[in-house]
Amino acid sequence: MLFKFEDPQLNPIAGKVRAGERLSLQEGVTLWKTPDLLGVGYLANIVRERQHGNRTYFIHNRHINHTNICVNSCQFCAFGVKEDNPASYTKPLQEIFDDAEQYRGGNVSEFHIVGGLHPDLPFQYYTDMLAGLKQRFPKVHIQAFTAVELEYLAQIAGMPLVDTLLALREAGLGSVPGGGAEIFARRVRRKICNEKTGADAWLHVHRTVHSLGMRSNATMLYGHLETPEERADHLVRLRNLQDETGGFLTFIPLAFHPENTRLDFLHTTPGQLDLRALAVSRLMLDNFPHIKAFWIMITPKIAQLALSYGADDMDGTVVEEKITHAAGAVTDQIFHKNTIIEMIREAGRVPLERDTLYEEFQECMVSAGS
Ligand code: V47
């Protein structure tokens with residue numbers, strides 16, 4: 001029996017999805033606006049299963065947030081503070097290495113490193129951090145520094161972006177995470193992150209990363225002041241760059257957390273928007289291999305449902321997450337491998353533990369001591 005859409009506007013979109021045709025910006029807006037969430041999820045699931053069947057990826061990773069000191073003061077961020085704030089911190093390199101050591105033996109395969117734009121740390125702090133981790137954990141992939149941080153590090157290093165990236169790669173950088181994109185629309189950026197580098201600069205950094213043969217991820221912060229039209233525009237701009245470079249691996253919609261931010265008059269995102277964000281992303285980003293449900297931000301329960309709304313990746317074990325938790329996230333900061341495996345199996349999918357670049361993966365069973 002054919003699925004019957006509640007919203008007839010979804011019928012022509014369904015025809016294109018079934019035929020594997022690209023959706024337009026306007027169709028993207030329709031997907032963001034339609035009350036027929038089940039219809040949007042149904043379509044996203046068609047694409048998800050066409051690409052990945054029941055396969056669902058996760059990674060054994062560890063997040064490291066080396067400093068919360070930041071020269072910017074973004075309205076949506078509760079993590080970044082100024083140096084004179086009693087809650088400010090900058091981890092000495094030895095502390096980063098010692099923390100990482102505690103994790104030895106756990107078969108971690110990725111360090112995910114992001115932090116504030118620190119006014120005084122020298123470029124060598126970053127290269128020494130990468131080199132020190134790589135020396136101690138040669139097999140662990142390092143995914144580090146958002147496009148915003150990379151642009152800032154180039155300023156600190158006094159080098160062109162390409163040379164900065166080459167120096168970081170030489171020290172151990174493996175790939176670039178997707179943060180810092182927020183929402184590309186200038187209207188909203190003026191209100192939520194006026195000092196921050198613009199959309200074109202974010203896209204330029206990723207274009208440059210890809211030109212060096214490195215992979216990266218992309219994100220979109222949703223659930224604040226942006227409109228459905230601005231969300232659709234964000235996705236189309238990412239899709240255009242991916243047409244050009246093919247360097248993006250994964251897209252992660254990031255649910256805005258308002259607590260302790262200057263946007264604390266807003267509410268946390270409703271579950272329907274979290275599911276819709278993943279589903280619309282899956283449908284619009286037809287050239288992105290993966291869509292990730294970041295359980296830290298949308299809760300494990302929504303992340304599990306998301307596996308039927310377009311997502312094929314559950315991120316990973318994480319261990320320590322400060323950015324969303326500073327903004328009121330109530331989720332744990334660590335997930336044990338067994339919990340992720342069970343959640344994926346309960347959703348009727350097949351759990352595959354992957355490396356950062358999705359080059360190696362293997363099916364997992366719940367095991368003792370994971
Ligand atoms: O860059 C900041 C966002 C990002 C808030 O690449 C906030 O695989 C919600 O980018 N509420 C960091 N979001 C996280 C990130 C990420 C996470 C997981 C996987 C990957 C990946 C990337 O979080 C920041 C910013 O865009 N953010 N404040 C907030 N209050």
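One can find the structure itself at the top, above this paragraph.
Presented here is an overview of the structure given in this document. (Residues numbered from 1 in each chain as written. Predicted model: local features only at pLDDT ≥ 70, side-chain atom pairs only at ≥ 80, totals over all residues. Heavy atoms only, no water.)

1. With respect to the site of the ligand
Right, on to step 1. Among the 23 residues in the neighbourhood of the ligand, the closest are listed as Phe76, Gly178, Glu182, His257 and Lys292.
Right, on to step 2. In the model, a nitrogen atom of the ligand is placed 2.8 Å from a nitrogen or oxygen of the Phe76 main chain.
Right, on to step 3. Residue Gly180 places a main-chain N or O atom 2.9 Å away from an oxygen atom belonging to the ligand.
Right, on to step 4. Contact with the protein chains removes 96% of the 620 Å² of surface that the ligand exposes when unbound.
Right, on to step 5. Of all the elements in the fold, those that place two or more residues in the shell around the ligand are strand 5 (216-222) and strand 6 (248-255).
Right, on to step 6. Partitioned by chemical class, the residues of the shell around the ligand number 12 nonpolar, 8 polar and 3 charged. (Near = heavy atom within 4 Å. Polar contact = N/O pair within 3.5 Å; in protein donor to acceptor, adjacent residues only side chain to side chain. Areas by Shrake-Rupley, 256 points an atom, 1.4 Å probe, with all protein chains shown as cover. Helix = DSSP H or I, 4+ residues; strand = E, 2+ residues; numbered from the N terminus. Nonpolar A, V, L, I, M, F, W, Y, C, P; charged D, E, K, R; others polar.)

2. Details of the nonpolar core
Right, on to step 1. In this structure, Phe111, Leu133, Phe145, Trp202 and Leu238 are the most contacted members of the largest nonpolar core, which totals 115 residues.
Right, on to step 2. Tallying contributions element by element places helix 11 (residues 271-284) first for this core, with 8 residues.
Right, on to step 3. Those residues in contact with Leu238 that sit more than four places away from it in its chain are Phe184, Trp202, Leu203, Ala218, Thr219, Phe248, Phe251, Leu285 and Phe288. (Core = buried A, V, L, I, M, F, W, Y, C linked by side-chain atoms within 4.5 Å. Buried < 20%, exposed > 50% of the residue type's maximum accessible area, 1.4 Å probe, protein only. Contact = heavy atoms within 4.5 Å.)

3. Overview of the packing of aromatic side chains
Right, on to step 1. The tally for this structure, following the rule as stated, stands at 12 aromatic pairs.
Right, on to step 2. Through a chain of ring-to-ring contacts, the aromatic side chains of Phe184, Trp202, Phe248, Phe251 and Phe288 assemble into a single cluster.
Right, on to step 3. One Lys or Arg, Arg136, reaches over the ring of Phe97 and ends 4.0 Å from the middle of that ring.
Right, on to step 4. The aromatic ring of Tyr358 is capped on one face by Arg354, whose charged end is 4.2 Å from the ring centroid. (Phe/Tyr/Trp six-rings, centres within 6.5 Å; stacked < 30°, edge-to-face > 60°. Lys NZ or Arg CZ within 6 Å of the ring centre and 35° of its normal.)

4. Here we look at the pattern of salt bridges
Right, on to step 1. Scanning the model with the defined rule gives 15 salt bridges in all.
Right, on to step 2. Residues Glu182 and Lys196 are paired through a salt bridge, measuring 2.6 Å at the closest nitrogen-oxygen approach. Here Glu182, found in the loop between helix 7 (161-171) and helix 8 (186-192), pairs with Lys196, found in the loop between helix 8 and helix 9 (199-211); they are 14 residues apart in sequence, far enough to count as distant. The burial state of Glu182 is the same as that of Lys196; both residues are buried.
Right, on to step 3. Salt-bridge contacts for Glu230 lead to Arg187; the nearest nitrogen and oxygen are separated by 2.6 Å. With a gap of 43 residues between them, Glu230 in helix 10 (residues 228-245) and Arg187 in helix 8 connect regions that are remote in the sequence. (Salt bridge = Lys/Arg side-chain N within 4 Å of Asp/Glu carboxyl O.)

5. Quick word on the pairing of strand 5
Right, on to step 1. Burial of strand 5 is extensive: 7 of the 7 residues sit out of reach of the surface.
Right, on to step 2. Side chains Ser216, Ala218, Met220 and Tyr222 of strand 5 all project onto a buried face; the interleaved residues Asn217, Thr219 and Leu221 project onto the opposite face, where all are buried too.
Right, on to step 3. Pairing of strand 5 with strand 6 involves 6 bridges; the strand directions are parallel. The residue of strand 6 that forms the bridge with Leu221 is Leu254.
Right, on to step 4. A crossover connection joins strand 5 to the parallel strand 6 through helix 10; in handedness this β-α-β unit is right-handed. (Pairing = 2+ DSSP bridges. Right-handed = clockwise from strand over helix to strand, strands pointing away.)

It is worth stressing that arrangement in space is one thing and function is another; only the former is reported here.
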